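A look at the structure
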Amino acid sequence: MKHLVVLALVIVAALAAPADDIEVLRSDFSNDPSGYTFAFEQSDGQKRDEKGEVRNAGSETEHIAVRGSFTFTAPDGTSYTVNYVADENGFQPQADHLPTA
C-alpha cells in the first residue's frame, strides 16, 4: 500500500514538473498511513486535486479509495474538467464532455 502512495506521488511530481515556460502555481502533498492528498496548478491551466484513503485497513480487502478532479486545456483553447472516483467499483469519471451510458 505504501508503494502505491509513493508511486502516486512520483507520478504527480513528474506531471507537475515545469516544462519550458509553464510555471507551477500551487503544489501541495500530504501522506500518512490512512491515505494521501495532493494538488497542483500550473500556469497553462492544468490542475489536479486528489485524495486517497485506505479502506478496510489490515484486512485481506484493504484498498485505497480515491476521489479527485483534473482540469486541462485542449489545443483549441477549451478547458475541460473531469471529476472521478476510483474505488472497489472501478474508475468512475464524470464530465460534461464525456459520453454517458
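Residues numbered from 1 in each chain as written. Predicted model: local features only at pLDDT ≥ 70, side-chain atom pairs only at ≥ 80, totals over all residues. Heavy atoms only, no water.

Within an unreviewed UniProt entry, the label attached to the protein chain reads Cuticle protein, and the organism entered is Polypedilum vanderplanki.

**Points about the side chain of His 63**
Its place among the elements puts His 63 in strand β4 (residues 63–73). A polar contact of 2.9 Å, which involves the side chain of His 63, links it to the backbone oxygen of Thr 61. Not counting chain neighbours up to four residues away, the residues in contact with His 63 comprise Glu 53, Val 54, Arg 55, Asn 56 and Glu 88. (Helix = DSSP H or I, 4+ residues; strand = E, 2+ residues; numbered from the N terminus. Polar contact = N/O pair within 3.5 Å; in protein donor to acceptor, adjacent residues only side chain to side chain. Contact = heavy atoms within 4.5 Å.)

**Details of unusual backbone geometry**
Not every positive phi belongs to a glycine, and Asn 56 is a case in point at roughly 55°. In this structure, Asn 56 sits in the loop between β3 (47–55) and β4. You can call Asn 56 partly exposed: its relative accessible area is 43%. (Buried < 20%, exposed > 50% of the residue type's maximum accessible area, 1.4 Å probe, protein only.)

**A word on the confidence of the model for the protein chain**
When pLDDT is averaged along the protein chain, the result is 85; 81% of the residues meet or exceed 70. The element-level mean pLDDT for the protein chain is lowest in helix α1 (residues 2–16), coming to 58, with β3 highest at 95. (pLDDT = per-residue confidence, 0-100.)

**Regarding the sheet that holds strand β6 (residues 90–94)**
With antiparallel pairing, the six strands of this open sheet are ordered in space as β1-β2-β3-β4-β5-β6. Edge strands, defined here as strands with exactly one partner in the open sheet, are β1 (24–32) and β6. Between one strand and the next, the sheet's axes are offset by a mean angle of 10°, whatever the strand orientation. Strand direction decides the pairing type here: β4 and strand β5 (residues 79–87), joined by eight bridges, are antiparallel. For Val 66, the partnering residue across the bridge sits in β5 and is Ala 86. (Pairing = 2+ DSSP bridges. Axes fitted to C-alpha atoms, helices over the stretch in contact; angles between N-to-C directions.)

**Details of the pairing of β1**
By the bridge criterion, eight bridges tie β1 to strand β2 (residues 35–42) in an arrangement that is antiparallel. Directly across from Val 24, in β2, lies its bridge partner Gln 42. Hairpin connection between β1 and β2: a loop of two residues separates the two successive antiparallel strands.

**Structural notes on the packing of aromatic side chains**
Scanning all chains against the criterion turns up six aromatic pairs. Each ring, one from Tyr 36 and one from Phe 38, has its centre 6.2 Å from the other, and the planes form 10°; the classification is stacked. In this pair, the class of Tyr 36 matches that of Phe 38, namely buried. For the ring pair Phe 70 and Tyr 84, a centre distance of 6.1 Å and an interplane angle of 45° mean the geometry is tilted. One end of the pair, Phe 70, is in strand β4; the other, Tyr 84, is in strand β5, and 14 residues separate them in sequence. According to the relative accessible area criterion, Phe 70 is partly exposed, its value standing at 29%. Pairwise contacts between aromatic rings join Phe 70, Phe 72, Tyr 80, Tyr 84 and Phe 91 into one cluster. (Phe/Tyr/Trp six-rings, centres within 6.5 Å; stacked < 30°, edge-to-face > 60°.)

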